[in-house]
Amino acid sequence: QVQIAESGGGLLQAGGSLRLSCVVSGRTFVMYSMGWFRQAPGKEREFVAAITGGGSTDVADSVKGRFTISRDNAKNTVYLQMNMLKPEDTAVYYCAAGAGFYLRSSNEYRYWGQGTQVTVAS
């Protein structure tokens, strides 16, 4: 059983930075692609960024140039570095693990964390 725990969320002013962390239990971390999704109040969950076990990345256009995804396979951890945050980035951010191909789809992910709240004040 894979367990996922996110951390690093918080409240900050627009223009600031945060780094989210996601720790994954189990010995097969490197086999999983990892994704970050977010869900704002009243909106559907949306793709933010993904990274394969080999380190290939994909980032949503809405955050490209501001957010960076990375992973440390030795620590079973994936990170989301968020810079130049905007009020519209306010959401609960979820980390997920999966083995599918189309990593922008939440359906490709089998395991999910509980989420961490990010609130960006204007």
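Our subject is the structure listed above.
Here's what I pulled together on the structure shown here.

Procedures and definitions
Each chain carries its own residue numbering, running from 1 in the written order of its sequence. For a predicted model such as this one, the threshold for reporting local features is a pLDDT of at least 70, and the threshold for listing and counting side-chain atom pairs is 80 or more; totals across whole chains, interfaces and linings nevertheless cover every residue. Only hydrogens and water are removed before side-chain values are computed, so all heavy atoms of the structure are retained for them. The helix count covers DSSP runs of H or I at least four residues long, the strand count covers runs of E at least two residues long, and both are numbered beginning at the N terminus. Only protein chains enter the accessibility calculation, which uses a 1.4 Å probe; a residue is then buried when its area is under 20% of its type maximum, exposed when over 50%, and partly exposed in between. Here, residues are in contact when the closest pair of their heavy atoms is within 4.5 Å. Here a pair means two rings of Phe, Tyr or Trp (six-membered ring of Trp) with centres within 6.5 Å. Their orientation is stacked below 30 degrees between planes, edge-to-face above 60, and tilted elsewhere. The criterion is that NZ of a Lys, or CZ of an Arg, lies within 6 Å of the ring centre and within 35 degrees of the ring normal, and then a charge sits over that ring. Note on definitions: salt bridges are taken to be side-chain nitrogens of Lys or Arg within 4 Å of carboxyl oxygens of Asp or Glu. A pair of strands is treated as paired once DSSP finds two or more bridges between them. By definition, disulfides here are pairs of cysteine sulfur atoms that lie within 2.5 Å.

**Examining unusual backbone geometry**
At step 1: A positive phi angle is found at Asn 76, which is not glycine, with a value near 55°.
At step 2: Positioned with a positive phi, Met 84 is a non-glycine residue whose angle comes to about 50°.

**Some thoughts on the environment of Val 30**
At step 1: Counting through the fold element by element, Val 30 comes out in the loop between strand 3 (18-24) and strand 4 (33-39).
At step 2: Among the residues examined, Val 30 registers a relative accessible area of 44% and is labelled partly exposed.
At step 3: Discounting residues that sit within four places of it in the chain, Val 30 has contacts with Gly 53, Arg 71 and Asn 73.

**Remarks on the packing of aromatic side chains**
At step 1: Scanning the model with the defined rule gives five aromatic pairs in all.
At step 2: Ring geometry for Phe 37 versus Phe 47: centroids 5.8 Å apart, planes at 75°, classification edge-to-face. Of this pair, Phe 37 sits in strand 4 while Phe 47 sits in strand 5 (residues 46-51), and the two are ten residues apart along the sequence. Each member of the pair, Phe 37 as well as Phe 47, carries the same accessibility label: buried.
At step 3: Taking 6.1 Å as the distance between ring centres and 65° as the angle between the ring planes, the aromatic pair formed by Tyr 109 and Trp 112 counts as edge-to-face.
At step 4: A residue is classified by how much of its surface remains accessible, and Tyr 109, at 6% relative accessible area, is buried.
At step 5: One aromatic cluster in this structure is built from Phe 37, Phe 47, Tyr 109 and Trp 112.
At step 6: The ring of Tyr 94 has Arg 45 lying over it, and the distance from NZ or CZ to the ring centre is 4.0 Å.

**Comments concerning the pattern of salt bridges**
At step 1: Tallied over the entire structure, the rule returns five salt bridges.
At step 2: The partner of Arg 38 in a salt bridge is Asp 89, with the nearest N and O atoms 2.9 Å apart. Of this pair, Arg 38 sits in strand 4 while Asp 89 sits in the loop between strand 8 (77-82) and strand 9 (91-98), and the two are 51 residues apart along the sequence. Across the pair, Asp 89 and Arg 38 agree in class, each one buried.
At step 3: Residue Asp 61 pairs with Lys 64 through a salt bridge whose shortest N-O separation is 3.3 Å. Of the two residues, Asp 61 and Lys 64, both sit in the exposed class.

**What to know about the pairing of strand 1 (residues 4-7)**
At step 1: Here strand 1 shows one buried face, formed by Ile 4 and Glu 6, and one open face, formed by Ala 5 and Ser 7.
At step 2: Relative to strand 3, strand 1 runs antiparallel, the two being bridged by four bridges. Along strand 3, the bridge assignment pairs Glu 6 with Cys 22.

**Observations concerning the state of the cysteines**
At step 1: Applying the stated rule across the entire model yields one disulfide.
At step 2: A disulfide bridge connects Cys 22 with Cys 95, and the sulfur atoms are separated by 2.0 Å. One disulfide, between Cys 22 and Cys 95, carries an S-S torsion of -80° and so falls in the left-handed class. Note that Cys 22 is positioned in strand 3 and Cys 95 in strand 9, a separation of 73 residues in sequence. Just as Cys 22 is buried, Cys 95 falls in that class too.

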